[in-house]
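A closer look at the structure
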Amino acid sequence: DGEVYKYYADGEWKKSASGKSVSIINPTTRTPQYKVQACTQEEVNKVMDAAKAAQKLWARTPLWKRAEFLHKAAAILKEHKNPIAECLVKEIAKPAKDAVTEVVRSGDLVSYTAEDGVRILGEGKLLVSDSFPGNERSKYCLSSKVPLGVVLAIPPFNYPVNLAVSKIAPALIAGNALVLKPPTQGAVAALHMIHCFHLAGFPKGLISCVTGKGSEIGDFLTMHPGVNCISFTGGDTGIAISKKAGMIPLQMELGGKDACIVLEDADLDLVAANIVKGGYSYSGQRCTAVKVVLIMESVADAVVEKVKAKMAKLSIGPPEENCDITPVVSESSANFIEGLVMDAKQKGATFCQEYRREGNLIWPLLLDHVRPDMRIAWEEPFGPVLPVIRIGSVEEGVHHCNASNFGLQGCVFTRDINKAMMISDAMETGTVQINSAPARGPDHFPFQGLKDSGIGSQGITNSINMMTKIKSTVINLP
Ligand code: G3H
């Protein structure tokens, strides 16, 4: 009641000197649920100084010890899964069961990162000079991976815990300090997750979590000279960040318009199950959600019927009751989704269900006969609304997919592996799934987007590598 959650700096929980707070609106009740501190730029400066100092010692802490801290944090995180999941339910309306899964997955990710890190970072390379023309065997180059310094992690609202630890754990195992700026919706879950790292006993200042308004500290953080690497997941903001950030490595995962291409020989039940799971899980609020279905005309009626039948079984309501479809994160998001639906309506799309909305809750909707002149053919609703475009050839499907500004993932359904491989090769996306809906996990798989979908590659191993730099020492013999 009126309590403002403290931010985390220098190993302590603190109130901001601003005296101001930011409200977190419960998407279901549409009333304020929690409040977090509105940190100031001066507080950000202090956090950066502390991070820099702590990092120097952390980088010298033996790798096996760094791994031990992470394993401890992972175990504590799993012990705290229920209270953290409760925050996710209240802050981002994630269905209760999925909220618990997110925390457990996060604990597993942290442990895996610790294990992967000791292998990857424990190895270096030795090069001898006489393999390059003109050289004698007189120079020995020893190279190994060293940390970058301070990593700034900015996760999105849809996985405030999991997409935070997917940045935190690789940064820490590699010997970096970490500053987290959680999304406002999901900030309290993130603070609770940080509390688990606090309990694991990491050195003071190494990890911090600053909350506040993007307008106040957003640019200040991303352009801060103390930041040596940014790992960001979210929307268009990422493009703005990449233009403003300094000469530092960036890891960005932005939007997607993941296409699902369905061929005539596909297993249509498998297709329908994956369209429903891929399109409507967490009400479509996943960057890897199926966002456009491209079906060969000859099987389109059958697929649409099967999808409609499965959609009719989805439960719709509050996240506390574990409903499949829950309110989308904010009123502005619901309004945006509605805008796309109305545009499609006006331009003549076929509504497979009646459009229905109550507050932020939008009933799952399949739009058939969508054409390229409709906004929903290209834009990302981030909601439970999915367009179907009927295609006359595979080439047409691949062309639509490649004409998008996005290039995160895509999927193709066919029983012909040769065709699947050829389509995968032709699709300009970071990943193509054959006979399954797009997904980021398992979390050690490489995960990357082309074009406006991102910079760099994620996945545990790639993130560890990305948060390090090669350092060489050359021994010169007389
Ligand atoms: O929202 C973006 C996430 O990286 C997608 O993760 O495929 O596990 O839902 P997911």
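Scroll up to find the structure.
The structure contained in this document is the topic of the report that follows. (Residues numbered from 1 in each chain as written. Predicted model: local features only at pLDDT ≥ 70, side-chain atom pairs only at ≥ 80, totals over all residues. Heavy atoms only, no water.)

Here the focus is the pairing of strand E11 (residues 229-233). Across the 5 residues of E11, 5 count as buried, placing the element largely inside the fold. The two faces of E11 match: Cys229, Ser231 and Thr233 on one face and Ile230 and Phe232 on the other face are all buried. As paired elements, strand E8 (residues 150-154) and E11 share 4 bridges and run parallel to each other. By the bridge assignment for E11, Leu152 is matched with Ile230. Running through helix H8 (residues 237-244), the crossover from E11 to the neighbouring parallel element strand E12 (residues 250-253) is right-handed. (Buried < 20%, exposed > 50% of the residue type's maximum accessible area, 1.4 Å probe, protein only. Helix = DSSP H or I, 4+ residues; strand = E, 2+ residues; numbered from the N terminus. Pairing = 2+ DSSP bridges. Right-handed = clockwise from strand over helix to strand, strands pointing away.)

The next point concerns the environment of Gly226. Along the chain, the position of Gly226 falls in the loop between helix H7 (214-222) and E11. The sequence separation of Gly226 and Ala309 amounts to 83 residues, and the corresponding C-alpha distance is 54 Å. Not counting chain neighbours up to four residues away, the residues in contact with Gly226 comprise Met48 and Val150. (Contact = heavy atoms within 4.5 Å.)

So, on to the packing of helix H3 (residues 81-92) against helix H4 (residues 96-121). Contact geometry for H3 and H4: axes closest at 8 Å, N-to-C directions at 125°. By the angle between their directions, the pair H3 and H4 is classed as oblique. When the axes of H3 and H4 are compared, the crossing they make is right-handed. Listed contacts from H4 to Lys81, Asn82, Ile84, Ala85, Leu88 and Val89 of H3 are Ala96, Ala99, Val100, Glu102, Val103 and Val104. (Axes fitted to C-alpha atoms, helices over the stretch in contact; angles between N-to-C directions. Parallel < 35°, antiparallel > 145°, perpendicular 65-115°, else oblique. Left-handed = near helix turned anticlockwise from the far one by under 90°.)

This part covers empty space enclosed by the protein. Scanning the entire structure with this criterion turns up 3 cavities of 30 Å³ or more. The space that makes up the largest cavity amounts to roughly 90 Å³. Contributing to the lining of the largest cavity are Leu109, Leu163, Ser166, Arg440, Pro442, Asp443, Phe445, Phe447, Gln458, Gly459, Ile460 and Ser463. At the level of elements, helix H5 (162-173) and helix H14 (460-466) are the ones that each hand at least two residues to the lining of the largest cavity. A per-class count over the lining of the largest cavity returns 6 nonpolar, 4 polar and 2 charged. The space that makes up the second largest cavity amounts to roughly 40 Å³. What lines the second largest cavity is simply Gly279, Gly284, Ala289, Val290, Lys291, Pro381, Phe382, Gly383, Val385 and Leu386. Residues belonging to the lining of the second largest cavity are distributed by class as follows: 6 nonpolar, 3 polar and 1 charged. (1 Å grid on protein atoms, 1.4 Å probe; cavity = no way out; pocket = protein on both sides within 12 Å on 5 of 7 lines; lining within 4 Å. Points joined across faces, edges and corners; volume = space filled by probe spheres on them. Nonpolar A, V, L, I, M, F, W, Y, C, P; charged D, E, K, R; others polar.)

Mapped onto the elements of the fold, Cys260 is located in strand E13 (residues 259-262). For the pair Cys260 and Thr31, spaced 229 residues apart in sequence, the C-alpha to C-alpha distance is 37 Å. The contacts of Cys260, once residues within four sequence positions are left out, are Ile275, Val290, Val292, Val293, Leu294, Cys411 and Phe413.

The next subject is the site of the ligand. For the ligand, the full set of nearby residues is Arg105, Asn158, Tyr159, Leu163, Glu253, Arg286, Cys287, Thr288, Ala439, Arg440 and Phe447. Arg286 is positioned with one of its side-chain polar atoms (N or O) 2.6 Å from an oxygen atom of the ligand. With respect to the detected pockets, the ligand is housed in the second largest pocket. Counted by class, the shell around the ligand contains 5 nonpolar, 2 polar and 4 charged residues. (Near = heavy atom within 4 Å. Polar contact = N/O pair within 3.5 Å; in protein donor to acceptor, adjacent residues only side chain to side chain. Sits in = over half its atoms within 2 Å of the grid points.)

Read these as spatial facts, not as claims about activity.
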